[in-house]
Structures are given as structure tokens and as C-alpha cells.
There are 2 protein chains.
Amino acid sequence: MEQKLQELKQRLQEIYDLDHIGMLLGWDQSTYMPPGGAAARGRQMAMLAQMSQEKIIDPAVGKLLDDLQKYAESLPYDSDDASLIRVTRRDYERATKVPPEFVARLSAHQAASYQAWTQARPADDFAKVRPHLEKTLELSREFANYFPGYAHIADPLIDMADYGMKAASVRALFAQLRENLVPIVQAITSQPAADDACLKQTFPEEGQIAFSCQVVKRLGFDYERGRDDKTHHPFTTSFSVNDVRITTRVQENDLGDCLFSMIHEAGHAMYEQGVNPAYEGTPLASGTSAGVHESQSRTWENLVGRSRGFWEYFYPDLQKTFPHLKNVSLETFYRAINKVQRSLIRTDADEVTYNLHVMLRFDFELQMLEGTLAVKDLPAAWHERFEADFGLRAPDDKDGCLQDVHWFGGIVGGMFQGYTLGNLLGAQFYAAALEAHPEIPAEMKQGKFDRLHTWLKENIYTHGRKYTAPELVKRVTGSEIAIQPYIAYLRAKYDELYKI
Amino acid sequence: MEQKLQELKQRLQEIYDLDHIGMLLGWDQSTYMPPGGAAARGRQMAMLAQMSQEKIIDPAVGKLLDDLQKYAESLPYDSDDASLIRVTRRDYERATKVPPEFVARLSAHQAASYQAWTQARPADDFAKVRPHLEKTLELSREFANYFPGYAHIADPLIDMADYGMKAASVRALFAQLRENLVPIVQAITSQPAADDACLKQTFPEEGQIAFSCQVVKRLGFDYERGRDDKTHHPFTTSFSVNDVRITTRVQENDLGDCLFSMIHEAGHAMYEQGVNPAYEGTPLASGTSAGVHESQSRTWENLVGRSRGFWEYFYPDLQKTFPHLKNVSLETFYRAINKVQRSLIRTDADEVTYNLHVMLRFDFELQMLEGTLAVKDLPAAWHERFEADFGLRAPDDKDGCLQDVHWFGGIVGGMFQGYTLGNLLGAQFYAAALEAHPEIPAEMKQGKFDRLHTWLKENIYTHGRKYTAPELVKRVTGSEIAIQPYIAYLRAKYDELYKI
């Protein structure tokens, strides 16, 4: 049995390494690669994706899993070996349904589509990417159809990102959230908006990056096992448990962009850095779902990084870095970074209106997959729905349906729900952490984040994929995913600011 | 036939991509990778090396080559298809002699040895790497012994880097070179050394990098298909014909280090960027030998970059970048960058004494492989031989036998002769270029390097590996590799400076 387990681990390590090498190629593509490198890079990434797929669906893996099944059943559910076998079987069964040739075809198409989008967006040229998106939609449907028996065609795609969720369950949750959220948005946006002029001065790049580095280091991002680099659209990636990289961008006329996106990415990265090192090289060594991953980025960005206590500690340092904040009070600054407004761009949205952006995209994904919304009609549908939800209209498609990379570099389906699930889960986990350690907020004011970080590591990060998201939520909070902690958090924070 | 050729090309492209992905992993390891990434990176590189090896030795490749042999013979020798089939056969026959398990074993050992060396060298701790080097020597012998029938055990290893050369032929060439070179070194170093104090002021990093970038761009390095990054030990690498990267380092108290190493690497890179783009993804798409590669780096660094004409054009710009050179005359500067002295470190050596460093290492490689020099005796042997050759003694092993990475990250054998072959070939090719275009030196004074670059592209770079080094030298210069053009170049240049 030991020998079979070793053989399985050897095979899984090769798959893990192929996948993480592919992630290095992607990182380089988004940070340093010169324009000339694009063609070969697309080809190389497609090759690795296909090789990995071929290795996971090797019937020998299935045979090993069968041989190990009895052994797994003899172990406690949450033992490392049982978990490894269980999660591998789930991956194997999913992977064997998809032909490697499709994986390579999809990967090559995604590289081409992404390349087109990088030009089409600045040019506000939806027509240029329309054929790519139509093909992506077609491939997304093909992908879903490798998993027959679904209730909704989006189900298999949602399940890939957020195991255990389906179109129907997300819809129900989102409907409930919308009902509670819209009155809060109304209450806040009917009042005068906070003045954030203090964030819109000129802040030299070097200072922004240095300050942000210092912050994420203090929060717990480990630079011995990671680094940060500049990119256009910040993301986190990893090449092993001990090499987890964040990326950032800087706008010299907007202090918030670099800082909060870097805290956000550091949240993702601390999750990856916190996985049990014994899982390195196995399918257990990563975050368990898109939603749980996002819960961590948004916890550190918003629940921690936009809290008053956090800034009681960091604001004097920030004022030292940028002397033009000398005459801006902490209260003014705090209100500025928590300004709530209906705005065009998801990634710039405040934590209250953010979910409305997500719901719009989620609904469009379902409609495109169902065939009730054609790609050619997406730009107009976007503007119409946006106006209904936000009372705003983007002047163009650039800041309309072209704004997010997801459909142009990924697939259509399962791409967005994780953001809002993350907001909900983040609030649930944070409430559980506060219950265990009521001293967390007081310690934060002193620049101590270790208590929270350790609690998150022990309760969430270390487990990697051992528990599914639903299992993890239950284990950590005692309940299912729910909107109440998030709504309670928003109400408490914004009632103090706006009397809602 | 067309179909078989396509199948061969498809297989070769996968091998090419695996190899070049491995090079990206190596580039990242030497530029940006955080310390934590080392373990997984070594494993990932070993896996790729083994996969590539398995693919090249696939009997199906041999079968395709056999099937295509008649077709190749029906074509002119230098047609692209005939050359592809010929070069692939050479690679295939070499590769099939080496078991993939050995390739992975060697690669994993090299990663561990390299890691140990990065710590042992600063600590001046030969004992720490001694067991690694002993193992490397053992593996190098094993490697050579996969190619039985050699006259000298180093022959197969020399042949890998410089096809067509053997221990005996290199020895004969080096003996002849030494005989001509030593009197020149004697004549120069018996005179007062040039004053290079002007290079040893403080030159801020940013200015050094900006100036060096501007220089290599003007020489012809294409930043659309390449980039430069900082590292400890500069090197050039490529991930495709259209993504060729150089690296550099900066010493703020030495103006020459960044500048000349960057020109040197740009020389390697222009060679790779100049390969016929139609060869992308095939074994033809790279430089043809270590010696020819080095001929290009050293041509651009020394024959061009340390010439008076070059600086007649660039010196005013340099003075603008660094105002403390305002009162240093061009003549003083020119003499400073061409200072000749017996010194400890190969990579810092001037173009006259450089070859003595190489010969010493070449001889030690042969002796270690023969078993006439034990690894444990290397440090003492180094000091003794160095004193005999240079009249100098390094104060430690750090600047003695630990100074070069080659034996600690590569193998023992075939690692060094290419540098001196490069000096010889560079002078031969350059003489041929001047014969074809006598206007090259005059144009250089005006900052025009295109004539030389184009000639090198058309005569050398574009061919990639189509011709072996001996074929290429014959084709371009009409003769064999020879020492005379190099000696003539040195005599002309240094007689003017030192009356030798």
C-alpha cells in the first residue's frame, strides 16, 4: 500500500510541477515578457496544459486510486492520506471527462483571445474581440457538456471554481443578498459622498510601493517565500508552497489603487503560503475554492485594511511617507478610503456596491450559456442592465463589458460568483475569529496582526484543499454560507459613518 | 514525405519548448526567485530536462529520421530541410547514448551543487562544495563514458560545446597561442600600468543601467524581442527566437562592470535574435557552438566596445550621464578601459591576459577527468599554477578555484575552451567583415553599427546551427580556426598603446 501511495504521489508531483511551471510562464507573460515572446509563450502554455491533463487522466492513476480506496476508507476522513486520495479522485473523475485535445485547444484559444483583448479594450473595440468571445462561449458550452446531467449548463463550470455551488444555489443566495444590500446602498448614496480628494493628489510610485510592501510584510506576507512585481491587472500566483508571488500596479494620482490591491493580493498569497508544507507537490496544496480564496483577499483588504484600527497604527507612517497628508486628519482619510458610490468599474468599487457588479456579471454568464443573450447583444445589454442597477451608463464598452479580463482570457461561466461568495465567507470567518479572540481589533491598533493571521492559518490556510468550501465553513463557523454576518458587518461599519 | 517531415517538426517543437521553458525557470532562478523557491525549482528543472531527453530519444524520432534520410540526401546540403534532418540526427544520436535517468540525476545534482556553491564561495569554504564537485566529476566521467571510443575522456564533453574540437586539437591550438601571447603579456606588463582611477569613482546604478541600455540598443539588441534584468553573474538566455534576454549587474564603484558585461551579453543575444525566424521551434534555432557564441559576445564587447572609434561616438554621451568624467580626456578613458594587468579573476580580466585564465582551467579539467588531479588537491594546485602563470597568488579559494560557477553548476570538461576559441574566431570573423566592408570603423565613429550587425546576421547569425563551427569558419573566412588574426589584432591595438 505504501508503495502504491508513493507511486501516486510521484505522479501527482509531476502534475503539480507541470501546472506550476505553467503558472510561472503566465506570471512572466504578465510582468516582464517582451512583446515578441507572445507567440511562443501561448504555444508553451498550451503544451504544458495538455501534458498535465494527459498525466492526470492516465488510467494508471485511476488504477492506483482504486487500489488505495480500501486504505483510504480505513483512515479518519481528515487524515492527510485519506484526504489526498479523496481530492485526487475528485480531480481525476473531473479530468477524465475532458479530452486533452480540448484542453490544449481551449488554452491556445484563450491565449489568442487574451492577446486580442489587451488591444481591444484600450481601443474600445468590442467588434475585435466579439469572434473570440463567441468562440469562448462555444468552448465553454462544450466544456460544460463534458459533464452531462446538470440542472443548469453553468453548474459544472461553477462547480469547478466553487465546489458544491450550483446556478440555483448561487441565485438564491444572491437574491437574498440583493434584497438586504440594495436598501443599504440606497441609504448611503442618497447622502453626500465622502470627500476623497486627499487620495487624488500626486503620490510618487516609489513611495507607494515601499509603503505597501511594508504594510503587507507586517500583515504576514513572507518575502522569503514570495515577492511582488508590477503588472497591468494585479493577481497572485504560486510556483510552489514556498514561492508565492503577488503583483501590483501604481497610479500616481490615486493612493488607494496600489495599496489596497497589494493588500488584497497579499491576502490571497498568505492563504497559499499558509498551506501545510507537507502538501507541497500534491493536489492538496492550494486554496480550496474561489470563494474561500477571495474571502481571504477581501478580509485583509477590507475588514482589516479599511478599518479604523488598522489606520490608527499605519496612518502616521503613511503621513511620513507622503508629507502632503500631514494636514489630512485620520478621520478624513478613513472616510475617503471608505467612500461608497455607484461607479463603473468593478475593481475600483467600494465594498458595499461591489456585489452589484458581480451579480450583473453572474446573470450575464448564465444568460449567455443558456443562449438567451447572444454575444453580439452583450454591449447593449450591459449598458441597459447597468443603468437599471446603478443609475449610471458607461460612455463606452471599454468601461462596460470589456472591462474584465475573465471572459476574454478564461471561460464564460463560474468566473464571478466567487467574488461575492468571498465577501460573505470573509465576514463569516472574521466573525468566528473575533469570537475566538476578541482582542484582535485592539491588537491591530498596535500594529499586531499575528493573532488573526495565526488563527486563519490554523483554521483555514493550513488545510489547503483537504476540506471543501462547504465543509470548511461548517467546521470553522458551525453554519452554512450565509449573508447575515456580511450584512451585519456592513451595517455596523456604515451606520457609524452614514447613519443608515 | 511532407507528412513525416511535419511530424518530425511537431516532435522537435515540443522538445524545443520543453528546453526553452527550462531556460525560463533558470532565468527566474537567477533574477527574481525568492530563496524559498529553490527546492521546487530544482525539481521542476530536472523534470523538464528528463522529459525533453525522453522525447528526443523516442525511437519514433529515429524512425522518422531514417524515413527522411533519402529525402535529405536529395536536397542541397545547406537547404533548410536537409540541415534540419542532419542536425537532428546528430542530436538524436548523441542523446540516445545517454539514459534519461542520468539526465535527471545530473540536473538534480547540479541544482544542489549550485545552491551549495552560492553559499560556499562568499564563505571561502571549499570543503563545503568538495563532495559536490567530486560527485560532479564522477558524473562527468559517467557522461563521457556514454560515448566510448574517445582518444581523451574530455573529447565527448568538448565536442558537446564545440563540435569538431577534441582535447588534442584544443591543446595544440592553445600551445601555439600561449607561445605568441606570453611575450605580448610580458612586454605590456613590464611597463607601468594604465591609470584607470577614472573608472573607479562612484557611478549611480540608475545612470549605469540607462547608459548601457542605450548603448546595446544602438548596437542592435532588440528590446521588442528581449529585455535586461539584474543578476549576480550575467548571462544570456532565450525562450524563443523572439524572446532573448540579457542580464547584468552593477558595481557603483566600477564603471566598466555593468557596461561591458551588458555589451558582452548583448553580443550573445544579437546572435540568438538574428537566427532565421523560420527555424523557431527546431534544433537549428540557436548558436552553433560555444566558441562561435563567445566570438560574438567578445566581438561586440572588445573589438567594438573597447575600440577608440566606438568611444569617439559614445564618450560625450557618457560624460553627460556622469559629469565627473568631464575633465577626463577620451585618451585617458580609452587607456583606462584597455588597461592590461595580471589579475585574479577571469571575468574581470582584460582581453590580453584573459586567455591565460582559460588555459589554466582547461588544463585542470583534463587533469581532473584523467584522474591526475584529485578534487581535494584542486585548491593547492590552483594557487601553484596561478603563481607560475601570473606571478600572483589569490589570498583565498574564493578568488581561486571557487570563482567560476561552471564546475559547480555544470560539469567538469568542455566548460572553458569556448571562451578562448571565441577570442580567436571573433578576430577571424571581424577581419572578414572589415575586408568586405572597410568602412565599418569609420561608420562606428558616427554611431553607426548597422553595417557590421547586418554582415554578422547574414553571414553567421541567420544560419543558427545549420553549419557546424568548422564549416562556418571555413565558409565565412576561407580558412580553419587560427590564432593569427587574433594575435595581429592584439599586436596592432596594443603596440599603439604600449610599443610592444
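Residues numbered from 1 in each chain as written. Chains lettered and ligands numbered in written order. Predicted model: local features only at pLDDT ≥ 70, side-chain atom pairs only at ≥ 80, totals over all residues.

Asks: An account of the overall build of chain A is requested, with residue identities and associated values reported.
Replies: Helix and strand counts for chain A stand at 21 helices and three strands. Projected onto its principal axes, the C-alpha positions of chain A cover 70 × 50 × 45 Å. Long-range contacts, defined here as pairs at least 24 residues apart, represent 72% of the contacts in chain A between residues at least 6 apart. (Helix = DSSP H or I, 4+ residues; strand = E, 2+ residues; numbered from the N terminus. Contact = placed C-beta atoms within 7 Å.)

Asks: With reference to specific residues and values, describe the pairing of strand β2 (residues 236-240) of chain B.
Replies: For a regular strand, side-chain orientation follows a simple rule: the groups alternate between the two sheet faces. Extensive coverage of β2 of chain B is indicated by the burial of five of its five residues. From the end of β2 of chain B to the start of strand β3 (residues 243-248) of chain B, which pair antiparallel, there are two residues. (Buried ≥ 20, exposed ≤ 12 C-beta atoms within 10 Å, placed from the backbone. Pairing = 2+ DSSP bridges.)

Asks: Tell me about the interface of chain B and chain A, and name the residues and values.
Replies: Taken together, the 26 residues of chain B in the interface contact 26 residues of chain A. For the side of chain B that touches chain A, the secondary-structure elements that each account for two or more residues are α1 (2-31), α2 (38-56), β1 (226-230) and β2 of chain B. Sorting elements by how many residues they give to the side of chain B that touches chain A places α1 of chain B first, with six residues.

Asks: Account for the relation of the copies chain B and chain A, with residues named and values stated.
Replies: After a rotation of 180° and a shift along the axis of 0.0 Å, chain B superposes on chain A with an RMSD of 0.0 Å. A rotation of that kind, with that shift, is consistent with a two-fold axis. The overlap is high: 100% of the interface residues of chain B also sit at the interface in chain A, so the same surface is used on both sides. (Least-squares fit on C-alpha atoms with pLDDT ≥ 70 in both.)

Asks: Requested: an account of the sheet that holds strand β2 (residues 236-240) of chain A, with residues and values cited.
Replies: Residue and element names in this part refer to chain A. The sheet built from three strands is open, its strands ordered β1-β3-β2 with mixed pairing. Two strands lie at the open edges of the sheet, namely β1 (226-230) and β2, each paired on one side alone. The average angle at which neighbouring strand axes cross in this sheet is 25°, direction not considered. Relative to strand β3 (residues 243-248), β2 runs antiparallel, the two sharing four bridges. Opposite Thr 236, over in β3, you have Ile 246 as the bridge partner. (Axes fitted to C-alpha atoms, helices over the stretch in contact; angles between N-to-C directions.)

Asks: Could you give me a rundown of the packing of helix α5 (residues 100-120) of chain B against helix α6 (residues 126-145) of chain B, with the residues and numbers involved?
Replies: All names here are of chain B. Orientation of α5 relative to α6, taken along the N-to-C sense of each, is 155°, at an axis distance of 9 Å. Relative to α6, the element α5 is oriented roughly antiparallel. In terms of crossing hand, the pair formed by α5 and α6 is left-handed. Across from Phe 102, Leu 106, His 109, Ala 112, Ser 113, Ala 116, Trp 117, Gln 119 and Ala 120 in α5, the residues of α6 making contact are Phe 126, Lys 128, Val 129, His 132, Lys 135, Thr 136, Leu 139 and Glu 142. Per-class residue counts for the contact of α5 with α6 are nine nonpolar, five polar and three charged. (Parallel < 35°, antiparallel > 145°, perpendicular 65-115°, else oblique. Left-handed = near helix turned anticlockwise from the far one by under 90°. Nonpolar A, V, L, I, M, F, W, Y, C, P; charged D, E, K, R; others polar.)

Asks: An account of the domain arrangement of chain A is requested, with residue identities and associated values reported.
Replies: All names here are of chain A. Partitioning chain A into structural domains gives domain 1 (2-96) and domain 2 (167-201 + 268-498). For domain 1 and domain 2, the distance between their C-alpha centroids amounts to 30 Å. Counting residues at the interface gives 11 residues for domain 1 and eight residues for domain 2. When contributions to the side of domain 1 that touches domain 2 are tallied by element, the ones reaching two or more residues are α1 (2-31) and α4 (80-95). Considering each element in turn, the side of domain 1 that touches domain 2 owes the most residues, six residues, to α4. Class assignment of the residues belonging to the side of domain 1 that touches domain 2 gives a composition of four nonpolar, three polar and four charged. (Domains from an automatic or database assignment.)

Asks: Describe the packing of helix α10 (residues 255-273) of chain A against helix α11 (residues 290-304) of chain A, and please don't skip the residues or the numbers.
Replies: Residues and elements named next belong to chain A. Relative orientation of the contacting elements α10 and α11 amounts to 135°, with a least axis distance of 7 Å. Taken together, the axes of α10 and α11 lie oblique to each other. Relative to α11, α10 is oriented so that their crossing is right-handed. Taking contact as the criterion, the partners of Phe 260, Ile 263, His 264, Glu 265, Ala 266, Gly 267, His 268, Met 270 and Tyr 271 in α10 are, on α11, His 293, Gln 296, Ser 297, Arg 298, Thr 299, Trp 300 and Glu 301. Looking at the contact of α10 with α11 residue by residue, the class counts come to six nonpolar, seven polar and three charged.

Asks: Tell me about the sheet that holds β1 of chain B, and name the residues and values.
Replies: Residue and element names in this part refer to chain B. Across the sheet, which stays open at both edges, the three strands sit in the order β1-β3-β2 with mixed pairing between neighbours. Both edges of this open sheet fall to β1 and β2, since each of them pairs with a single strand only. Each adjacent strand pair in this sheet contributes to an overall mean axis angle of 25°, direction not counted. Pairing of β1 with β3 involves five bridges; the strand directions are parallel.

Asks: Before we move on, could you go through the environment of Arg 11 of chain B and cite the residues and values that matter?
Replies: All names here are of chain B. Here Arg 11 lies in helix α1. On the basis of neighbour counts, which here come to 17 C-beta atoms within 10 Å, the residue Arg 11 falls in the partly exposed class. Each C-alpha atom of the pair Arg 11 and Thr 282 lies 9.2 Å from the other, and the pair is 271 residues apart in sequence. In this structure Arg 11 touches Lys 55 and Val 61, once residues within four positions along its chain are discounted.

Asks: Lay out unusual backbone geometry in plain terms, naming residues and giving numbers.
Replies: Residue and element names in this part refer to chain B. At Asp 124, a position not held by glycine, the phi torsion is positive, near 55°. Mapped onto the elements, Asp 124 comes out in the loop between α5 and α6. With 14 C-beta atoms packed within 10 Å, Asp 124 lands in the partly exposed category.

Asks: If you had to explain α10 of chain A to someone new, which residues and values would you point to?
Replies: Taking 1.5 Å of rise per residue, 19 residues should cover 27 Å, and α10 of chain A covers 27 Å from first to last C-alpha, within 8% of that figure. Extensive coverage of α10 of chain A is indicated by the burial of 18 of its 19 residues. (Expected span 1.5 Å × (residues − 1).)

Asks: Lay out the confidence of the model for chain A in plain terms, naming residues and giving numbers.
Replies: On average, residues of chain A score 97 in pLDDT, and 100% of them reach the 70 mark or higher. Taken together, the chains of this predicted complex give a pTM of 0.94 and an interface ipTM of 0.93. (pLDDT = per-residue confidence, 0-100.)

Asks: An account of the environment of Asn 180 of chain A is requested, with residue identities and associated values reported.
Replies: All names here are of chain A. Position of Asn 180 among the secondary structure elements: in helix α8 (residues 167-189). Take Asn 180: there are 14 C-beta atoms within 10 Å of it, and that puts it in the partly exposed class. Here Asn 180 is in contact with Ile 483 and Ile 487, once residues within four sequence places are set aside.

Asks: So what's going on with the environment of Ala 269 of chain B? Which residues, and what values?
Replies: Residue and element names in this part refer to chain B. If you trace the backbone, Ala 269 turns up in helix α10 (residues 255-273). Between the C-alpha atoms of Ala 269 and Asp 222, which are 47 residues apart in sequence, the distance is 8.9 Å. Those residues within four positions of Ala 269 in sequence are excluded, and the remaining contacts are Phe 221, Gly 226, Thr 236, Val 244 and Ile 246.

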